[in-house]
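# A look at the structure
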Amino acid sequence: MEQKSVRLGKRFGYSVASITDAANFTFMNSYILFFLTTVCGVNPAAAGTITAIGTILSSVWSPVVGFLSDRCPSRFGRRRPFLMAAIIPLIFSLFLCFTNVGLSGPLKNVYYCFGVTLFWCAFSTFYSPWLTLAAELTDDYNERTAMRSITYAIAQVGTLLGMAVPPLLVGWIAGLGFSQARSWTITALIIGAIAGASLLVTITSTAGSDRPLKKELPAGPADSSQSSPAPDAQQPAAASGLKELFREYWQVIRLKPMICIMLMSLGHMTAQGIFYSGRAYLFEYHLQLPSAKLSLAVIFSAAAGMILSPLVNQLSKKMDKRAALILLLLLSAALMIVGAAVGGIGSFLDAVLLAFAFAIGNAAFWQLMPVMLYDVCEYDAWKNRRQRRGVIVAVQPLLETICSGLATLMLGIILDLSGFDGESAVQSAGALAGIKASYSIVPAALMIFAAAMTVLYPISRKKYEQIKRELAERH
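In this report, the structure presented in the accompanying data block is examined.

Rules used throughout
Residues numbered from 1 in each chain as written. Predicted model: local features only at pLDDT ≥ 70, side-chain atom pairs only at ≥ 80, totals over all residues. Heavy atoms only, no water. Helix = DSSP H or I, 4+ residues; strand = E, 2+ residues; numbered from the N terminus. Buried < 20%, exposed > 50% of the residue type's maximum accessible area, 1.4 Å probe, protein only. Contact = heavy atoms within 4.5 Å. Polar contact = N/O pair within 3.5 Å; in protein donor to acceptor, adjacent residues only side chain to side chain. 1 Å grid on protein atoms, 1.4 Å probe; cavity = no way out; pocket = protein on both sides within 12 Å on 5 of 7 lines; lining within 4 Å. Points joined across faces, edges and corners; volume = space filled by probe spheres on them. Patch = residues over 30% accessible without salt bridge, like charges linked within 9 Å, V, L, I, M, F, W, Y side chains within 5 Å. Areas by Shrake-Rupley, 256 points an atom, 1.4 Å probe, with all protein chains shown as cover. Salt bridge = Lys/Arg side-chain N within 4 Å of Asp/Glu carboxyl O. Phe/Tyr/Trp six-rings, centres within 6.5 Å; stacked < 30°, edge-to-face > 60°. Lys NZ or Arg CZ within 6 Å of the ring centre and 35° of its normal.

For the rest of this paragraph, the subject is the environment of Asn43. With respect to the helices and strands, the residue Asn43 is situated in the loop between helix 2 (17-38) and helix 3 (44-58). Asn43 gets classed as partly exposed once you look at its relative accessible area, which sits at 39%. Distance from Asn43 to Gly422, taken between C-alpha atoms, is 7.5 Å for residues 379 residues apart in sequence. Setting aside its immediate chain neighbours within four residues, Asn43 contacts Thr37 and Asp416.

Quick look at the structure:
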């Protein structure tokens, strides 16, 4: 079977949307809890519950997007219309989430719950189809990993935008005479606008790669089944209803490799959410460093991600993706535990070193896990004789929304139980211990869990090549 090679320009054009992904994801995960507790005066446990409820409510939308994108009849393609549709809701939802409204009690909680729900629905609207588009650009085992390496490296620009820029931008805008609350609102709008522009670049550069449904030709091994026509061809519109949607997802989530990916993602994505959110509290209350230092730490982390990206790619070629991910997750967790025990997180350097240790596992996860998810598409075609890339890839944004809510809920509970007081500039020893744990021991333990789940993942390079050969023979 002939492999599809992706031109370098198209790889970069596709990858620009990773700025939208990383900027929105890290900005929301890093600062929504901080904004609610320190600017809006919401109790930490209540703020964690608000974000958790919002993400759980929005998680219903991600599977629907994946299902619809497999059947979208637009002449502009199946995936790109969803990217376009997400731009305005993303910007508007960020405005809602980072605006200090004049409400109190339950009404304030309902308002922010609505904002968080809208944000994650908008995020899933572009994220799932965008990821699926990469699976359709190539089915080569190594080229998929190489493409993901470029995507991850460019995503570090979004990470800087979502984590390093906000503290500096808020401080600069406040210096112009705006209130702290209004400064956060303006910052959110700026980030949303840049993220929207990045999506437009990807929409334009992938024209021609996202073929309309009525012109879709067999695109690789996942389309080669003759026994059961692909749902793409069976249902040109979303007419199969809820029963068909639930039936397809029930089949997909029962696949062994999908179960492993869901469990490993539950561990690492939750670890990431706690680590990112906990960093803002660590710098503000434990280290008591200015916002410029926090931004500098994020810049170091992003630089580490860019440096690690090609190394992860090369390691995965030599060891296999599964083995490389297990090794790097465990290495990252071990370095974090040792670093916290030895250094005690008592200085800026300690915080940066821990961030670098976390970046090792984080770079490996975000480069290799999505590619492993793409391989499940071929596994599903081989085992179930179905082609449903959109359905399979939509599981990732579903997990991201759930884990984001779980992370803020867990951090909110940790802060509340440790005695954190958002209205006090000086925190108790117990509160500081909780903050330090959220930046070290807690995410490290979750990464160990993720590595353990990766051990069970059944698709090795040898197995994948076997699947492709058998699918080619069916064709």
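Along the chain, Arg79 falls in the loop between helix 4 (61-69) and helix 5 (80-97). A distance of 2.8 Å separates the side chain of Arg79 from the side chain of Ser69, its partner in a polar contact. Side-chain polar atoms of Arg79 contact the side chain of Asp70, separated by 3.1 Å.

Let us look at the side chain of Thr117. When you line up the elements, Thr117 lands in helix 6 (residues 105-137). Judged by relative accessible area, Thr117 falls into the buried class, the value being 14%. A distance of 3.3 Å separates a polar atom in the side chain of Thr117 from the backbone oxygen of Gly54. In this view, Thr117 contacts Gly54, Leu57 and Ser58; residues no more than four positions away in its chain are not counted.

A probe matching the size of a water molecule, rolled over the atoms, marks out where space remains unfilled. Reported here for the second largest pocket is a volume of approximately 290 Å³. Lining the second largest pocket are 17 residues, with Phe34, Gln180, Trp184, Glu284 and Ser291 sitting closest to its centre. Only helix 2, helix 7 (141-175), helix 8 (180-205), helix 11 (256-286) and helix 12 (291-319) provide two or more residues apiece to the lining of the second largest pocket. Per element, the largest residue contribution to the lining of the second largest pocket is four residues, and it comes from helix 7.

Attention now moves to a nonpolar patch on the surface. Side chains of Ile259, Leu263, Leu266 and Phe449 sit close together on the surface and give an oily, nonpolar patch of about 280 Å² of accessible area. Among the elements that take part in the nonpolar patch, helix 11 stands out by supplying three residues, more than any other. Looking at the element boundaries, Phe449 is found in helix 18 (residues 441-455). Phe449 gets classed as partly exposed once you look at its relative accessible area, which sits at 33%.

To continue, consider the packing of aromatic side chains. Scanning the entire structure with this criterion turns up 32 aromatic pairs. Between Phe25 and Trp366, the ring centres sit 6.2 Å apart and the planes meet at 70°, which makes this aromatic pair edge-to-face. Of this pair, Phe25 sits in helix 2 while Trp366 is found in helix 14 (residues 348-384), placing the two residues 341 residues apart along the sequence. As far as burial versus exposure is concerned, Phe25 and Trp366 are alike and both buried. A ring pair is formed by Phe92 and Phe95, whose centres lie 6.5 Å apart and whose planes are at 25°; its orientation type is stacked. On the criterion of helical spacing, the pair formed by Phe92 and Phe95 is a turn pair, its members being three residues apart in helix 5. For Phe92, a relative accessible area of 42% corresponds to the partly exposed category. Among the aromatic residues, ring-to-ring pairing joins Tyr14, Phe25, Phe119, Trp120, Phe123, Phe126, Tyr127, Trp130, Phe365 and Trp366 into one connected group. A cation over an aromatic ring shows up here: Arg71 above the ring of Phe67, its NZ or CZ 3.9 Å from the ring centre. Lying across the ring of Phe348, Lys293 places its NZ or CZ 4.7 Å from the centre.

With that settled, consider empty space enclosed by the protein. Per the counting criterion, the structure on display carries three cavities of 30 Å³ or more. Taken as a whole, the largest cavity spans an internal volume of roughly 290 Å³. Lining the largest cavity we find 26 residues, and of these Tyr152, Thr159, Tyr276, Asn362 and Trp366 sit closest to its centre. Broken down by secondary-structure element, the contributors of at least two residues to the lining of the largest cavity are helix 2, helix 7, helix 11, helix 12 and helix 14. No other element matches the seven residues that helix 7 contributes to the lining of the largest cavity.

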